[in-house]
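# Structure at a glance
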Amino acid sequence: MDAVKKVPATHAYTHVVQYYETDAMRVVHHSNYIRWMEECRLDYMAGIGLPYDKMEEQGLIVPVISASCEYKAATRYGETVKITSEMERFDGLRFFLTYCITDPKGSVLHATGRTGHCFLNRDMKPVNVKKSAPAVYEVFQSFK
């Protein structure tokens, strides 16, 4: 795994709405907001030196255990959105992120959301990250 970079607990990611993400009215289908949260989360993890593929190579799996989204304003084909994620909580086994999806300037709130994640080994058993992946634990501990 690459050297772990210390970063703030927040991260911003930009996404341009694609045609296939919309319905007949060119409004984004609700399921895509969850996908955008995942894009933001994966970009965030890679940016702090913890890309999912590298963690998986070391036997650490990070599944989604919960996801929610509240829709505030429609998003349409061709628009650009900014997804901001923030580390809400880390308890050693699980972590939770919150998301805010806005226009690039932050003046229109399109949606808010939250995802929960845990750490498992290849056998799908809970992992003590502090013991099995201390570098990962250090990064998450720094967000407290």
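Residues numbered from 1 in each chain as written. Predicted model: local features only at pLDDT ≥ 70, side-chain atom pairs only at ≥ 80, totals over all residues. Heavy atoms only, no water.

### Re the overall build of the protein
The helix and strand tally for the protein stands at four helices and five strands. Reading the protein from its N terminus to its C terminus gives the helix and strand order β-α-α-β-β-β-β-α-α. Against the globule reference of 15 Å for 144 residues, the protein gives a C-alpha radius of gyration of 16 Å, in line with a compact fold. Counting over 144 residues, the protein shows a buried share of 38%. Here the analysis covers contacts within the protein between residues at least 6 apart in sequence; of these, 68% occur between residues at least 24 apart. Entry remark: accessible area of the protein is about 7,900 Å², with carbon and sulfur atoms responsible for 52%. In the protein, the 18 positive side-chain charges and the 17 negative ones have mean positions that sit 5 Å from each other. (Helix = DSSP H or I, 4+ residues; strand = E, 2+ residues; numbered from the N terminus. Rg over C-alpha atoms; globule rule 2.2 N^0.38 Å. Buried < 20%, exposed > 50% of the residue type's maximum accessible area, 1.4 Å probe, protein only. Contact = heavy atoms within 4.5 Å. Areas by Shrake-Rupley, 256 points an atom, 1.4 Å probe, with all protein chains shown as cover. Lys, Arg positive; Asp, Glu negative; His and termini not counted. Charge placed at Lys NZ, Arg CZ, Asp CG, Glu CD.)

### Re the nonpolar core
Core analysis: the biggest nonpolar cluster contains 33 residues, and Trp-36, Leu-50, Met-55, Phe-95, Phe-119, Val-136 and Phe-140 have the highest contact counts within it. Going through the elements one at a time, helix H1 (31-47), helix H2 (52-57), strand E3 (80-90), strand E4 (94-102) and helix H4 (134-141) are the ones with two or more residues in this core. Top contributing element to this core by residue count: H1, with six residues. (Core = buried A, V, L, I, M, F, W, Y, C linked by side-chain atoms within 4.5 Å.)

### As for unusual backbone geometry
Despite not being glycine, Arg-26 shows a phi value in the positive range, around 65°. Relative to the assigned elements, Arg-26 resides in the loop between strand E1 (10-16) and H1.

### Some remarks on H1
Here H1 spans 25 Å end to end across 17 residues, near enough to the 24 Å set by a 1.5 Å rise per residue. Of all the residues in H1, the buried ones are Asn-32, Tyr-33, Trp-36, Met-37, Cys-40, Arg-41, Tyr-44 and Met-45. A positive backbone phi angle near 85° is found at Gly-49, which sits one or two residues after H1. (Expected span 1.5 Å × (residues − 1).)

### Details of the packing of aromatic side chains
We describe a pair of aromatic rings using the distance from one ring centre to the other and the angle between the two ring planes. Enumeration over the complete set of coordinates arrives at nine aromatic pairs. An angle of 55° between the planes, with centres 5.0 Å apart, marks the rings of Tyr-33 and Trp-36 as tilted. Placement of both Tyr-33 and Trp-36 in helix H1 is noted, with a separation of three residues, approximately one turn of the helix. On the basis of relative accessibility, which here comes to 0%, the residue Trp-36 falls in the buried class. Measuring from ring centre to ring centre gives 4.6 Å for Phe-95 and Phe-140, while their planes differ by 45°; the resulting arrangement is tilted. Residue Phe-95 is found in strand E4, and its partner Phe-140 is found in helix H4; the two are separated by 45 residues along the sequence. Relative accessible area serves as the criterion here: at 0%, Phe-95 is assigned to the buried category. Accessibility expressed as a relative area gives 0% for Phe-140, which makes it buried. (Phe/Tyr/Trp six-rings, centres within 6.5 Å; stacked < 30°, edge-to-face > 60°.)

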